[in-house]
Amino acid sequence: MGLTTQQILASIEAGTTSLGIEFGSTRIKAVLIAEDNSPIASGSHDWENRLEDGIWTYSLEDIWAGLQDSFAKMAKNVKEKYGVTLKKIGAIGFSAMMHGYMVFDAAGTLLVPFRTWRNTITEEASEKLTKMLSYHIPQRWSIAHLYQAMLNGEEHVKNISFQTTLAGYIHWKLTGEKVLGIGEASGMFPMDCETKDYDEKRVKIFDEEIAKKGYSFKLRDIFPKVLVAGEKAGVLTEEGAKLLDPTGNLEAGIPLCPPEGDAGTGMAATNSVAVRTGNVSAGTSVFAMIVLEKELKNVYEEIDLVTTPTGNLVAMVHCNNCTSDLNAWVNLFKEFAESFGMTVDMDQLFGTLYNKALEGDADGGGLLAYNYFSGEHITGFNEGRPMFVRTPDSKFNLANFMRVHLFTALGALKVGLDILLKEEGVKVDRILGHGGLFKTKGVGQKIMAAAMNAPVSVMETAGEGGAWGIALLAAYMKNGKENQTLDEFLEKEVFAGNEGVEEKPDAVDVKGFDEFINRYKEGLPIEKAAVESLK
């Protein structure tokens, strides 16, 4: 049972709501939730990153205009639906795409344009740091950007007084506090999950490197302080309130929760912050996050380590390619049908073709496909060529064709997950799937369960995504973490009774996917030849 309009109205006027605003790569979204954690108003703003002087960036003007617009639209939505002006909010949280590079001097001036996570200009730093720290440091991490700037001898480095992420920057400007949630901070530098702080041993190693390069600062001098979910992270200042809401309606003094990254808000929005749970987001790209019971035995290039908003270690496998090639084939079938004068309903077409895949041979009948629109670091490709290959005696029919394209959408992911599940023996009790691949009921889920050999659930509401996730983290802080853990809060207060629809792995499917993945690995030289030959 949801709240009545009267109850929602009372909640808005009493200021017991929570607001989450998330900066995604193409959209900034604001979601206001009531005491029962259900969304009651939202607003969004579209934006695009720009390539300037070889750097993917967003300008500070873009950031503030986008923030103000998404807030204004949400406030307008409140006014239209409930007839009141939004003045008080119980708690606010900000999140954004993780990593990247924002550095400021002592006067608070941005030293170089914001370098987003998309920039692959830090290869040298990434390789050297991974060796130096015995920890996989991906190119997009903030520390890789800092070290690359040092290696390049960039003039601005000596003037750095503060380095943060996009979420950390917004939070700082609105509260004056230089802090980050631990999940977001874990994309800046390796974490120590015991102390819930930057890994001291590795901080010392890096500080020696800073000194060797002749700089006077230490890492902790310039990095934000680390906080965990539930801790108070400052309040909205008078100046901050005007920045967020230039109309002057919003009152200052609202408490803020620690700013988080999109990985952490995704975990909150899918109820996968507890140990041995995880979530898979499958759309244009695909990533899986699994909350670990203990550290991994080895360092793997294919696996990134971050943390939950409470500081538990999370293994993340991220792949660039997922459904683009599959969608292209579905569009080809649409064109085929239309040339016969049929009108095509896309949902029905996807549903029919996806379900057809369930009729195929367990291993896909000996067919092989690669969905590489772009490179795929897990399998060692800088560029990709989508391709479909078969032998004269493969079982070439529509069911196997669709099955293999669903398999290959998760192919690179499966290669990474096998390291975790088979080599490291990581245990998973429950995976939650969200994103386009799971739209057709039961199909993507069944294939995912086969890939992971673990139960996969899909919820009726994958919610409002990350903006809802950070609103939940704000609500959790407001309720006081002394009362319950974040896992308990999500389990009891937010998702109670909403377990979603679970699909258990089928042994025949699991064996079939394993046979396919062996064929997939053996066929990688074909993909390599395609990249080299098809310019």
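Predicted model, so just to flag it, every value in this text is computed and none were measured.

A.B. asks: How should the pattern of salt bridges be read in this particular structure?
C.D. replies: Two side chains bearing opposite charge may form a pair once their charged atoms approach each other closely. As enumerated under the stated definition, the model contains 30 salt bridges in all. Ionic pairing is found between Asp 69 and Lys 73, a salt bridge with its closest N-O pair at 2.9 Å. Residue Asp 69 and its partner Lys 73 are located together in helix H2 (residues 60–82), separated by four residues, close to a single helical turn. For Glu 154, the salt bridge is made with Arg 115, and the minimal N-O distance between the two is 2.8 Å.

A.B. asks: Is there a simple way to think about the sheet that holds strand S17 (residues 313–319) in this case?
C.D. replies: Through backbone hydrogen bonds, the strands of a sheet pair up, either in parallel or in antiparallel fashion. The seven strands lie next to each other as S16-S17-S15-S14-S20-S21-S22, forming an open sheet whose pairing is mixed. The sheet is open, and its two borders are formed by strand S16 (304–307) and strand S22 (501–503), each paired with just one other strand. Averaged over all pairs of adjacent strands, the angle between their axes in this sheet comes to 25°, without regard to strand direction. By the bridge criterion, four bridges tie S16 to S17 in an arrangement that is antiparallel. Looking across to S17, one finds that Val 306 is bridged to Val 314.

A.B. asks: Can you help me understand the sheet that holds strand S13 (residues 260–261) in this one?
C.D. replies: Taken in spatial order, the five strands make up an open sheet running S3-S2-S1-S6-S13, and their pairing is mixed. One side of each edge strand has no neighbouring strand; the edge strands of this open sheet are strand S3 (39–46) and S13. Of the strand pairs in this sheet, strand S6 (residues 91–96) and S13 are connected by two bridges, and their pairing is parallel. If you follow Ala 96 over to S13, its bridge partner there is Gly 261.

A.B. asks: Could you clarify how one ought to interpret the state of the cysteines in this entry?
C.D. replies: Each disulfide consists of one covalent bond between the sulfur atoms belonging to two cysteines. Scanning all chains against the criterion turns up zero disulfides. For Cys 257, which is in no disulfide, the shortest distance to another cysteine sulfur is to Cys 193 and amounts to 20 Å.

A.B. asks: Could you clarify how one ought to interpret helix H5 (residues 166–175) in this entry?
C.D. replies: The periodicity of an α-helix, 3.6 residues per turn, causes residues three or four places apart in sequence to face the same way. Taken across its ten residues, H5 has nine buried, putting it largely inside the fold. Listed in full, the buried residues belonging to H5 are Leu 166, Ala 167, Gly 168, Tyr 169, Ile 170, His 171, Trp 172, Leu 174 and Thr 175.

A.B. asks: I would appreciate a short explanation of the packing of aromatic side chains in the present structure.
C.D. replies: Given two aromatic rings, their pairing is described by the distance between the two centres and the angle made by the two planes. The final tally for this structure, using the stated rule, is 32 aromatic pairs. Ring centres of Tyr 147 and Phe 206 lie 5.8 Å apart, and the angle between their planes is 75°; this geometry places the pair in the edge-to-face category. Taken together, the positions of Tyr 147 in helix H4 (residues 142–151) and Phe 206 in helix H7 (residues 200–212) put the pair 59 residues apart, joining distant regions of the chain. Classification of Tyr 147 by relative accessible area gives buried; the value is 3%. Taken together, a centroid distance of 5.3 Å and an interplanar angle of 45° make the contact between Phe 407 and Phe 516 tilted. Linking Phe 407 in helix H13 (residues 398–409) with Phe 516 in helix H18 (residues 507–522), this pair joins segments that are 109 residues apart in sequence.

A.B. asks: Please clarify how helix H19 (residues 524–533) should be interpreted in this entry.
C.D. replies: Of the positions making up H19, those classed as buried are Leu 524, Glu 527, Ala 530 and Val 531. Considered in projection along H19, the buried side chains sweep an arc of 115° and stay on one side of the axis. Looking at H19, the residues exposed on the side facing more than 90 degrees away from the buried face are Pro 525, Glu 532 and Ser 533. Of the surrounding elements, those touching the buried residues of H19 are strand S18 (368–370), strand S19 (387–389) and H18.

Quick notes on the rules
- Sequence positions are assigned chain by chain, starting from 1 and proceeding in written order.
- Thresholds applied to this predicted model are a pLDDT of at least 70 for local features of residues and 80 or more for the giving and counting of side-chain atom pairs; totals over whole chains, interfaces and linings are not thresholded and use all residues.
- Hydrogens and water molecules were not included; the side-chain quantities draw on all heavy atoms of the structure.
- Each salt bridge in this description consists of a side-chain nitrogen of Lys or Arg and a carboxyl oxygen of Asp or Glu lying within 4 Å of one another.
- Where helices and strands are cited, they refer to DSSP runs of H or I of at least four residues and of E of at least two residues respectively, numbered from the N terminus.
- For two strands to be treated as a pair, DSSP must find no fewer than two bridges joining them.
- The axes used here are C-alpha line fits, helices contributing only the stretch in contact, and every angle between their N-to-C directions lies in the interval 0 to 180 degrees.
- Disulfides are defined as cysteine sulfur pairs within 2.5 Å.
- The buried label goes to any residue with under 20% of its type's maximum accessible area, the exposed label to any with over 50%, and the partly exposed label to all in between, with areas taken from a 1.4 Å probe on protein chains only.
- Pairing of aromatic rings covers Phe, Tyr and Trp, the last through its six-membered ring, and needs centres within 6.5 Å; plane angles under 30 degrees mean stacked, over 60 mean edge-to-face, and all others mean tilted.
- The arc in question is traced by the directions running from the helix axis to the C-beta atoms.
- Here, two residues are considered to be in contact whenever any of their heavy atoms come within 4.5 Å of each other.

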